[in-house]
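# Structural features, examined
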Amino acid sequence: MVKIGIFGGTFNPVQLEHVEMVKVAIKELNLDKMVVVPTFVSPHKQGEEVVNGKYRVDMLKLAFEGVNQVEISSYELEKGGVSYTYETILYFKNLYPNAELFYLMGSDMLENFPTWKNPEIITKNANLVLTSRLGGGFDDNALTLAVKNLYNANVLKISFVGKMASSTLARTLRKLSLPLTNVCDEKVYNYILKNNLYAPDSVYEFVTKMLTEKRRYHTAMVIATALKLCKSAGVDKKKAELAALLHDVAKYQNAELYPEFFVEKGVPSSVIHQFLGAHIVKTILKITDVDIVNAVKYHTTGRPNMSNLEKLIFIADLIEPTRNFTGVEKLREAVFNNFESGFAISVNELYKYLKNSGETVYHLTKDCAEFYKGENYDK
Ligand SMILES: [Fe+2]
Ligand SMILES: [Fe+2]
């Protein structure tokens, strides 16, 4: 029987791990064909900035050049409207009535599987193939079992594990005028530039001017981390992105050049940029959302009684993937397992580290650690 894989997604844009994943799936499942299906409007991602289907198809063609089994299907794009997986599966079942179908999905999508439209039609007509992602803090065993039992599903797994790349990261790097090396195929990157896709807005342009390339890369990682943790922190995506983008805006600014900016004496130099950053956000960028201003203002020290957004930016800054201080892995794990307690643990570990390092510890850092010790932190 002919074996056909189906890989749906927004591909906004297609990134290197998509290609890797497809290659692994073809090999491990022994597929004769893999159909890649860009979505018209994903029911899970409505409201995101998605570029026109024509661009996404062109980029897919460039990215999969040379992978012979791959076929790019415009089925969902041409159909228009909201694309539901069960309809796509039925379409291909109809097209290839004698084939065995394999539907590729991220294991983190299993959680919402019961809320998909007609999940039983999907599992009746296709095998589910799970791929996983590092640092998702996601244990899929129980869910896999539940989906198997509930829908009589055949659930398989391939050995591919996604690491750091994501379409969100690709868009963020591009908006911060950074190369997409290791995230997108070079041909795809050139196509993005040529067609001016995912172009930066004025705030991204402002931040790009204020920061070095290295700091912009860190900022991109903070944005990507904050977006991953949004849901567990209970924060709106757009707010998380903006606050993360702005958090280090004053990192290289000289406070003396801002005559209206005052800071009390004795604030350690490593802390000043959070206060100056909040000043710049308010007075130059004219951002009036107090929560965003405060997320910038306390991202280094924390403070007692922080809002969800403040906690999110503090944590994303501390544990983003390029941070490599001793113990960071443990903090990442704690935060991805349980945001609230992971935050409390992180605040206290940071305070302990600063105290032992002999550096001056700013009072807000101490106040913050003490505040979250009683509430959430179990020594
Ligand atoms: Fe900072
Ligand atoms: Fe930072």
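For the structure itself, consult the block above.
Here is a short report on the structure shown in this document. Keep in mind that this is a model prediction, so the values were computed, not measured. (Residues numbered from 1 in each chain as written. Chains lettered and ligands numbered in written order. Predicted model: local features only at pLDDT ≥ 70, side-chain atom pairs only at ≥ 80, totals over all residues. Heavy atoms only, no water.)

## Regarding the nonpolar core
Put simply, the rule is: Here, nonpolar core means buried Ala, Val, Leu, Ile, Met, Phe, Trp, Tyr and Cys residues that are tied together by side-chain atoms lying within 4.5 Å of each other. For each residue, the accessible area found with a 1.4 Å probe, counting protein chains only, is set against the maximum for its type, and the residue is called buried under 20%, exposed over 50%, and partly exposed in between. By definition, any uninterrupted DSSP run of H or I lasting at least four residues is a helix, any uninterrupted run of E lasting at least two residues is a strand, and each is numbered from the N terminus. Start and end positions for the domains come from either an automated domain assignment or a database one. Contact between two residues is taken to exist if any of their heavy atoms lie within 4.5 Å; hydrogens are not considered.
Counting residues in hydrophobic clusters, the biggest one holds 106 residues, and the most contacted among them are Val-14, Met-34, Met-59, Phe-64, Leu-246, Leu-312 and Ile-319. The greatest single-element share of this core, amounting to 10 residues, is contributed by helix α10 (residues 213-233). Taken together, domain 1 (3-168) and domain 2 (200-376) each give at least three residues to this core, which thus spans both. Setting aside residues up to four positions removed in sequence, Met-34 forms contacts with Gly-5, Ile-6, Phe-7, Val-22, Ala-25, Ile-26, Gln-69, Val-70, Glu-71 and Leu-104. Grouped together as the second largest cluster of nonpolar side chains are 22 residues, Ile-6, Met-105, Ile-122 and Tyr-151 included.

## Overview of the pattern of salt bridges
For clarity, the cut-off: One speaks of a salt bridge when a side-chain nitrogen belonging to Lys or Arg is within 4 Å of a carboxyl oxygen belonging to Asp or Glu.
What the rule picks out here adds up to 14 salt bridges. Of the charged contacts in the structure, one is a salt bridge between Glu-349 and Lys-352, with a shortest N-O distance of 3.3 Å. With Glu-349 and Lys-352 both in helix α16 (residues 339-357), this residue pair falls 3 residues apart, about one helical turn. Residue class for Lys-352 comes out partly exposed when judged on its relative accessible area of 40%. Salt bridges sharing common partners tie together Glu-49, Lys-175 and Glu-241.

## Remarks on the coordination of the iron ion (ligand 1)
The criterion, for reference: Counted as donors are N, O and S atoms no farther than 2.8 Å from the metal, or 3.2 Å for Na, K and Ca; water is not among the atoms, and sites may therefore look incomplete.
Only Asp-248 (OD), His-273 (NE2) and His-299 (NE2) from the protein reach the iron ion (ligand 1) as donors, at distances of 2.1 to 2.2 Å. In primary-sequence terms, the residues that donate to the iron ion (ligand 1) follow D-x24-H-x25-H.

## A look at the side chain of Lys-311
Turning to its location among the elements, Lys-311 is positioned in helix α14 (residues 308-319). Overall, Lys-311 belongs to the buried group, its relative accessible area being 7%.

## Concerning the coordination of the iron ion (ligand 2)
Quick reminder of the rule: Here a site with four donors is tetrahedral if all angles are between 85 and 135 degrees, and a site with four or six donors is square planar or octahedral if opposite donors are over 155 degrees apart and the other angles are between 65 and 115; anything else gets the irregular label.
At the metal site, the iron ion (ligand 2) is ligated by His-218 (NE2), His-247 (NE2), Asp-248 (OD) and Asp-317 (OD), and these contacts range over 2.2 to 2.3 Å. Around the iron ion (ligand 2) sit 4 donor atoms; with metal-centred angles ranging over 80 to 177°, the donor geometry is irregular. Here the iron ion (ligand 2) and the iron ion (ligand 1) are spaced 3.5 Å apart, and both take Asp-248 as a donor. Exposure class is identical for His-247 and Asp-248. Each is buried.

## Structural notes on helix α9 (residues 202-210)
What counts is decided by this rule: Here a polar contact is recorded for every N or O atom pair within 3.5 Å, except that within protein the pair must consist of a potential hydrogen donor and a potential acceptor, and residues adjacent in sequence are included only if both atoms are side-chain atoms.
Along α9, the residues that are buried comprise Val-203, Tyr-204, Phe-206, Val-207, Thr-208 and Met-210. Tucked into the core, α9 has its buried residues touching α7 (167-175), α10, α11 (237-246) and α12 (269-283). The backbone nitrogen of Val-203 lies 3.1 Å from a side-chain oxygen of the residue at the head of α9, namely Asp-201.

## Remarks on the pairing of strand β4 (residues 100-106)
Quick reminder of the rule: Only when DSSP finds a minimum of two bridges between them are two strands counted as paired.
Among the 7 residues of β4, 6 are classified as buried, and the element is accordingly described as predominantly covered. Relative to β4, strand β1 (residues 3-9) is paired through 5 bridges, and the arrangement is parallel. Bridge pairing links Phe-7 to Leu-104 in β4.

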